[in-house]
Amino acid sequence: MQQITVIGAGTMGNGIAHVFAQNGFAVTLVDVSEAQLQKALQTIGKNLDRQVTKGSLEPAQKESTLHNIRTNSSLAAGVATASLVVEAATENIELKKNIFRQLDEHAPKECILATNTSSISITQIAAVTQRPRQVIGMHFMNPVPVMKLVEIINGYATEASVTERIVALSKELCKVPCVVNDYPGFIANRILMPMINEAIYSLYEGVAGVDAIDTVMKLGMAHPMGPLQLADFIGLDVCLSILRVLHDGFGNPKYAPCPLLVNMVTAGKLGAKSGEGFYTYTPGSKELVVSERFK
């Protein structure tokens, strides 16, 4: 399995392309936006420079990694010779279904089709293809070059041999694969998102402030960052989307998104990427400043 195509050149897509290329795979990074593709290559270059500075990568390895990546704005051309496609587009089920219809049409018949979705049903995505046995979830964690976990999700029809190949491939990337089954939120987000939602409810109900909630979880539970900071990092819109998948999928009110989260997303306060969420973010500054609204 040598020719890898990654669909989507955003944060996750460029990270996935980076990791495959660094481990010797030929990678085609596909996005409809040429500007996004160029931005992705710049981001990969900066992240490789950081690895070189830290001594975890030789300068020659940086050059070979970049050499392993090519870009394409055409999905059909980008997947024509792929042995594995990893889709990393926006977390929207209709968008993903549309992409997988195209992948099924244009990718080689033996090609495995993987999605980096964090919550959307693999079975639903696979159902729009003529090869559901070759569709699987390959959920990387952000930031991809740093985080070791790959959550591998079997759809209802995924063949065992496909799962075995993706597990082996994940190990080739120096990742730790964990195989789970296709139910709402899988494992990572089924456990994580209710915790984040409960932290937001605690703020909404006035139990504690932003700093107190995050400090309790960092110092009391040894979490590297608090749940509200983590929500900002993930993106509050993404958190809301996943909670809605859980709520719709299980029909259980315990997964209902907190009204504060809904209002913040509606108001465009999406976390780090919008400059404000539970904290405010200034370009070039690493200082963690609680949003004025929550002081």
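Here the structure is a predicted model, which means the values were calculated and not measured. (Residues numbered from 1 in each chain as written. Predicted model: local features only at pLDDT ≥ 70, side-chain atom pairs only at ≥ 80, totals over all residues. Heavy atoms only, no water.)

Asker: So what's going on with the layout of surface pockets? Which residues, and what values?
Answerer: The volume enclosed by the second largest pocket comes to roughly 220 Å³. What lines the second largest pocket is a set of 14 residues, among which Ser-119, Ile-120, Ser-121, Gln-124 and Val-245 lie closest to the centre. In terms of residues, the lining of the second largest pocket owes the most to one element, helix α11 (residues 236-250), which gives four residues. Residues of the lining of the second largest pocket, tallied by class, amount to five nonpolar, five polar and four charged. Mapping the lining of the second largest pocket onto the domain boundaries places at least three of its residues in each of domain 1 (3-181) and domain 2 (189-284). (1 Å grid on protein atoms, 1.4 Å probe; cavity = no way out; pocket = protein on both sides within 12 Å on 5 of 7 lines; lining within 4 Å. Points joined across faces, edges and corners; volume = space filled by probe spheres on them. Helix = DSSP H or I, 4+ residues; strand = E, 2+ residues; numbered from the N terminus. Nonpolar A, V, L, I, M, F, W, Y, C, P; charged D, E, K, R; others polar. Domains from an automatic or database assignment.)

Asker: How would you sum up the state of the cysteines? Please name residues and give values.
Answerer: According to the stated counting rule, one finds zero disulfides in the structure shown. Looking at Cys-258, it has no disulfide partner, and the nearest cysteine sulfur is the one in Cys-239, 12 Å off. Overall, Cys-258 belongs to the buried group, its relative accessible area being 0%. (Disulfide = S-S within 2.5 Å. Buried < 20%, exposed > 50% of the residue type's maximum accessible area, 1.4 Å probe, protein only.)

Asker: Residue-level account of the UniProt feature "domain: 3-hydroxyacyl-CoA dehydrogenase C-terminal" (unreviewed entry) in the protein chain, with values.
Answerer: UniProt records the feature "domain: 3-hydroxyacyl-CoA dehydrogenase C-terminal" (unreviewed entry) at residues 185-281, using the numbering of this structure. Annotated as residues 185-281, this span is 62% helix and 2% strand, and its ends, taken at the C-alpha atoms, are 28 Å apart. (UniProt positions renumbered as here; feature names shortened; annotations may be inferred.)

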